[in-house]
Amino acid sequence: MTLRFAKSPLSTAVGAVNTLVLAGFAFQAQAAMEVSVGYAISSDSHYGAGSRAFKETLERLSDGEFTVTDHPSGSLGGERAMIEGLQIGTVDVVITSTGPLGNFVPETYVLDLPFLFTSYDQARCVLDGEIGQELLDKMNEHDLVGLAWAENGFRHITNSRRAIESPEDVRGLKIRTMENRIHQQAFEDLGASPTPMAMPELFTALQQGTVDGQENPLTVIIAANLYEVQDQLSLTGHVYSPAIVLGSPVLIDGLSDEQRAWFDEAAQAAAEATRAEVSRLEEEGVAFLQENGMTVTDGVDPAPFQSAIEEVNAEFVEQYGDDMLERIRNSDC
């Protein structure tokens, strides 16, 4: 005979409470959604500062509903690969230069035109205004979500062979460029041999002499330790380089209005953090690089460079028209 004991009302009630508590914990664990943030340079960089600001803001606003995982130094791939990851949902958020972005959203090529902007104030004003918002909205047409415009800074040339004071000094140099045909065409017009490659490959390429030099803002030159393998820096300021905080539509399109507002605020915090770090290094970066062995050529006259690469603008206008270019040039910024 099998004896069966009836449960007391108390034990039944305790069991029900325990079940509810466990269910609550399970729901909380399920509700905490992990968000990946990828970028191509180190966590000590301006992008790292942006990622930390994004994480702090999103986790605070969502009260733990979202947790953010940082993926620096190209651990999710180069910038082009990460943008592709956004489109298919294998990456959630990316902080990237606009270098490879034109391959996905051609309208953004205008931002890569040499000598388009003359100051940080002008560039930030344009990107924070109507034009910048229009370009962010364009991302939606290409399976991307534009969240905010961040910053890299004005780009300069480094190399291991000679000081650069004029276009003639660039001739014959093998220069790493971003995977961006506007930049590649500009350096071809200067007589260099542009060599596009992903950022995670650059240090080794410079170290081994695969390329003679590269061009990047001070922020990247410092964050990527390029002063260890380059001894010449020329402050050409030939291109203002924005950055952008992009989201995956696979994630963003599934958010509620409240959640989307959290992501927008977090992205804006990231953008402000990158700009703050750019501003700091514009003041302190040159001295740091000199202290670490680089010879710095300052006071470079931009006019000969502008003349040497003026065809880049003409080719852009021929292909994409001059509407956006003229709007930027004639803006009140």
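Every chain is numbered independently, its residues counted from 1 as its sequence is written. Given that this is a predicted model, residues contribute local features only at a pLDDT of at least 70 and side-chain atom pairs are listed and counted only at 80 or more, while totals for whole chains, interfaces and linings are drawn from all residues. For the side-chain quantities, the full set of heavy atoms in the structure was used; hydrogens and water were omitted.

Visitor: So what exactly am I meant to see when it comes to the state of the cysteines here?
Guide: Here a disulfide denotes a covalent bond joining the sulfur atom of one cysteine to the sulfur atom of another. By disulfide we mean two sulfur atoms from cysteines, separated by a distance within 2.5 Å. Counted by the stated rule, this structure contains one disulfide. A disulfide bridge connects cysteine 125 with cysteine 333, and the sulfur atoms are separated by 2.0 Å. Looking down the S-S bond of the cysteine 125 and cysteine 333 bridge, the torsion is -70 degrees, so its handedness is left-handed. Residue cysteine 125 is located in helix H4 (residues 120-127), and its partner cysteine 333 is located in the segment after helix H14 (323-329); the two are separated by 208 residues in the primary sequence. In this text, helices come from DSSP runs of H or I with a minimum length of four residues, and strands from runs of E with a minimum of two, each type numbered from the N-terminal end.

Visitor: Help me understand the pairing of strand E2 (residues 66-71) in this model?
Guide: Note on strand geometry: in a regular strand, side chains alternate between the two faces of the sheet. Whether two strands pair comes down to DSSP finding at least two bridges between them. The pairing of strand E1 (residues 33-38) with E2 spans six bridges and is classified as parallel. Bridge pairing in E2 links serine 36 to threonine 69. In this region the chain leaves E1, passes through helix H2 (residues 46-62) and returns to the parallel neighbour E2; the handedness of that crossover is right-handed. When the strands point away from the viewer, a crossover counts as right-handed if the route from the first strand across the helix to the second turns clockwise.

Visitor: Please explain the confidence of the model for the chain as it appears in this structure.
Guide: Predicted coordinates in areas of low pLDDT are best not read in detail. Confidence along the chain averages 92 in pLDDT terms, with 91% of residues attaining 70 or more. What pLDDT conveys is the predictor's confidence in a given residue, as a value from 0 to 100. It only takes one pair of heavy atoms within 4.5 Å for two residues to be counted as in contact. Overall, residues 1-29 carries pLDDT values under 50, and its contacts beyond four positions in sequence, including any with other chains, amount to one contact.

Visitor: Explain the environment of isoleucine 175 to me, please; I cannot follow it from the model alone.
Guide: Checked against the element boundaries, isoleucine 175 lands in strand E5 (residues 174-177). Partly exposed describes any residue whose relative accessible area lies between the buried limit of under 20% and the exposed limit of over 50%, with all areas from a 1.4 Å probe on protein chains only and scaled to the type maximum. You can call isoleucine 175 buried: its relative accessible area is 0%. In the structure, isoleucine 175 is positioned 12 residues away from phenylalanine 187 in sequence and 7.9 Å away in space, judged by C-alpha atoms. Residues in contact with isoleucine 175, not counting those within four places in the same chain, are Ile157, Phe187, Ala192, Ser193, Pro194, Thr195, Gly213, Gln214 and Glu215.

Visitor: Any chance you could explain unusual backbone geometry here in plain terms?
Guide: Among all residues except glycine, the phi angle is most often negative; among peptide bonds, the trans geometry is most common. You will see that aspartate 63, though not glycine, has its phi angle at about 55 degrees, which is positive. Mapped onto the elements, aspartate 63 comes out in the loop between H2 and E2. One non-glycine residue, phenylalanine 115, lies in the positive phi region at around 60 degrees. Among the structural elements, phenylalanine 115 can be located in the loop between strand E3 (93-97) and H4.

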